[in-house]
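# Summary of structural features
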Amino acid sequence: MNGNFNDSINYISKLSLDKIVNATKVLGSYYWSKITGNPTHGGLPISIAFEPTTSCNLSCPECPSGLRSFTRPIGMLADNVFQKTIDELAPTLTYLTFYFQGEPYLNPQFLEMVSYASQKKIYTATSTNAHYLDDEKAKLTVQSGLDRLIISIDGTTQETYEQYRVGGKLEKVIEGTKNILKWKRALNSSRPHVIFQFLVVKPNEHQIEDVKLLAKNLGVDKVVFKTAQIYDYENGSELLTTIDKYARYKLLPDGTFAIKNKLDNHCWKMWQSCVITWDGSVVPCCFDKDAHHQLGDLKTMTFKQVWQSVPYRQFRGALIKSRKEIDICKNCTEGTKVFQ
């Protein structure tokens, strides 16, 4: 693999004194809150995620968007909400993810938003199933200044791939990847940093070495292996991998399963990041798929008002007191674990 060093240099190049000072404040606030039990916060988020849309073309079995199982409506992120928030946070924000639920490329304004954030010197990333990366979209993606492109490829044969990416075509993923890499060369661009993300489940665990070889042959910069979140994991699932390294869950003596990690009463994500849904609601993290914990509305509030609001302080306080009592934390690994 290559490009990892260039990606690191690219990220560092976007830092500023204000961003470093803010990150220091966030880190200090986090550790002070852990020590004292008082949920204080002295800065603004280091990273945020915007949801371009909840719409998706696939039907993945553990995805609320793919299953169409949301209680919240499907929609597209409005450009005015996005620009207002970016204008407010640009001086201190270092990392922006264009993804929560849905397929980002289904939002017609997606790449325009990427360009806007890139011009503000914010590191931008997205995750895609790569079915819309035709030649024109691939060129526009490279021209947008997108810094990181995560391509979901959960199998190296169509038979395996479609067992999780239901309705998907592996040939489209490979074609889209080739288009991106072609335009990177044609435009002499080191961006985006292209990553193959492989969600390890039982049907595809035998292709781990195969996807590494495929990435190498195509010229992809990096491969990461992601542990799978299973919603009803207690009684097992046909998706649970047999490879312990890539499993979030452990088998108990009574034959049921439990999450491996201990739910400590702290979470770095609650201090350094948040998620903004397509309709402008701010939720604490990516585990709140249905936006049950809405902490503010950016259509009527500034981001700073939301971030420092009573509901946000109360949520952080509840987490410090007893994280296991918060529903979205019960199936959480405190940030999705990714293995290279």
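With that settled, consider the nonpolar core. Residues Phe82, Leu96 and Phe196 are the most contacted members of the largest nonpolar core, which totals 86 residues. Among the elements that make up this core, the one with the highest residue count is helix H8 (residues 170-186) (six residues). Not counting chain neighbours up to four residues away, the residues in contact with Phe82 comprise Phe50, Leu77, Leu96, Phe98, Met113, Tyr116 and Ala117. Counting residues in each nonpolar core, the second largest holds five residues, with Ala49, Phe100, Val275 and Ala291 among its members.

In this section: the pairing of strand E3 (residues 123-128). Burial within E3 is extensive, with six of its six residues counted as buried. With burial as the criterion, each face of E3 is covered, one bearing Tyr123, Ala125 and Ser127 and the other bearing Thr124, Thr126 and Thr128. Relative to E3, strand E2 (residues 95-98) runs parallel, the two being bridged by four bridges. Within E3, the residue paired with Phe98 across the bridge is Thr126. Each parallel crossover has a hand, and for E2 linked through helix H5 (residues 110-119) to E3 it is right-handed. Sheet topology places E3 next to strand E4 (residues 148-152); four bridges connect them, and they run parallel. Residue pairing for E4: Ala125 is matched across the bridge by Arg148.

Looking now at a nonpolar patch on the surface. A surface patch of nonpolar side chains, about 490 Å² in accessible area, is lined by Phe5, Ile9, Ile12, Leu15 and Ile20. No other element matches helix H1 (residues 4-13), which puts three residues into the nonpolar patch. For Ile20, the location among the structural elements is in helix H2 (residues 17-36). What makes Ile20 partly exposed here is its relative accessible area of 45%.

Bringing the packing of aromatic side chains into the picture now. Considering all chains together, one arrives at 16 aromatic pairs under this definition. Measuring from centroid to centroid gives 4.9 Å for Tyr105 and Phe110, while their planes differ by 70°, and the two rings are edge-to-face. The class for Tyr105 is buried, based on a relative accessible area of 6%. Assessed through its relative accessible area of 1%, Phe110 is described here as buried. Three or more aromatic residues link up through ring pairs in this structure, and these residues are Phe50, Phe82, Phe98, Tyr105, Phe110 and Tyr116. Positioned above the aromatic ring of Phe287 is the side chain of Lys289, whose terminal nitrogen or guanidinium carbon lies 5.9 Å from the ring centre.

For the rest of this paragraph, the subject is unusual backbone geometry. The omega torsion across Arg191 and Pro192 is 0°, close enough to zero to call that bond cis. Relative to the elements of secondary structure, Pro192 occurs in the loop between H8 and strand E5 (193-200). The phi dihedral of Asn188 is positive, around 50°, even though this residue is not glycine. In this structure, Asn188 sits in the loop between H8 and E5. Asn188 sits in the exposed class, given a relative accessible area of 71%. One non-glycine residue, Ala291, lies in the positive phi region at around 55°. The topology assignment puts Ala291 in the loop between strand E10 (281-283) and strand E11 (296-297).

With that settled, the discussion passes to a negative patch on the surface. On the surface, a cluster of negative charge is made up of Asp134, Glu136, Glu171 and Glu175. In this structure, Glu136 sits in helix H6 (residues 135-144).

For the structure on display, the rule yields three cavities of 30 Å³ or more. When its volume is computed, the largest cavity comes out at roughly 80 Å³. Taken together, Cys267, Lys269, Met270, Cys285, Phe287, Phe315, Leu319, Arg323, Ile328, Cys329 and Cys332 make up the lining of the largest cavity. Its residues assigned to classes, the lining of the largest cavity comprises nine nonpolar, no polar and two charged. A volume near 50 Å³ is recorded for the second largest cavity. Together, Val200, Ala228, Ile230, Leu239, Leu240, Thr241, Tyr246, Ala247, Arg248 and Tyr249 line the second largest cavity.

Basis of the calculations
- Residues numbered from 1 in each chain as written.
- Predicted model: local features only at pLDDT ≥ 70, side-chain atom pairs only at ≥ 80, totals over all residues.
- Heavy atoms only, no water.
- Core = buried A, V, L, I, M, F, W, Y, C linked by side-chain atoms within 4.5 Å.
- Buried < 20%, exposed > 50% of the residue type's maximum accessible area, 1.4 Å probe, protein only.
- Helix = DSSP H or I, 4+ residues; strand = E, 2+ residues; numbered from the N terminus.
- Contact = heavy atoms within 4.5 Å.
- Pairing = 2+ DSSP bridges.
- Right-handed = clockwise from strand over helix to strand, strands pointing away.
- Patch = residues over 30% accessible without salt bridge, like charges linked within 9 Å, V, L, I, M, F, W, Y side chains within 5 Å.
- Areas by Shrake-Rupley, 256 points an atom, 1.4 Å probe, with all protein chains shown as cover.
- Salt bridge = Lys/Arg side-chain N within 4 Å of Asp/Glu carboxyl O.
- Phe/Tyr/Trp six-rings, centres within 6.5 Å; stacked < 30°, edge-to-face > 60°.
- Lys NZ or Arg CZ within 6 Å of the ring centre and 35° of its normal.
- Lys, Arg positive; Asp, Glu negative; His and termini not counted.
- Charge placed at Lys NZ, Arg CZ, Asp CG, Glu CD.
- 1 Å grid on protein atoms, 1.4 Å probe; cavity = no way out; pocket = protein on both sides within 12 Å on 5 of 7 lines; lining within 4 Å.
- Points joined across faces, edges and corners; volume = space filled by probe spheres on them.
- Nonpolar A, V, L, I, M, F, W, Y, C, P; charged D, E, K, R; others polar.

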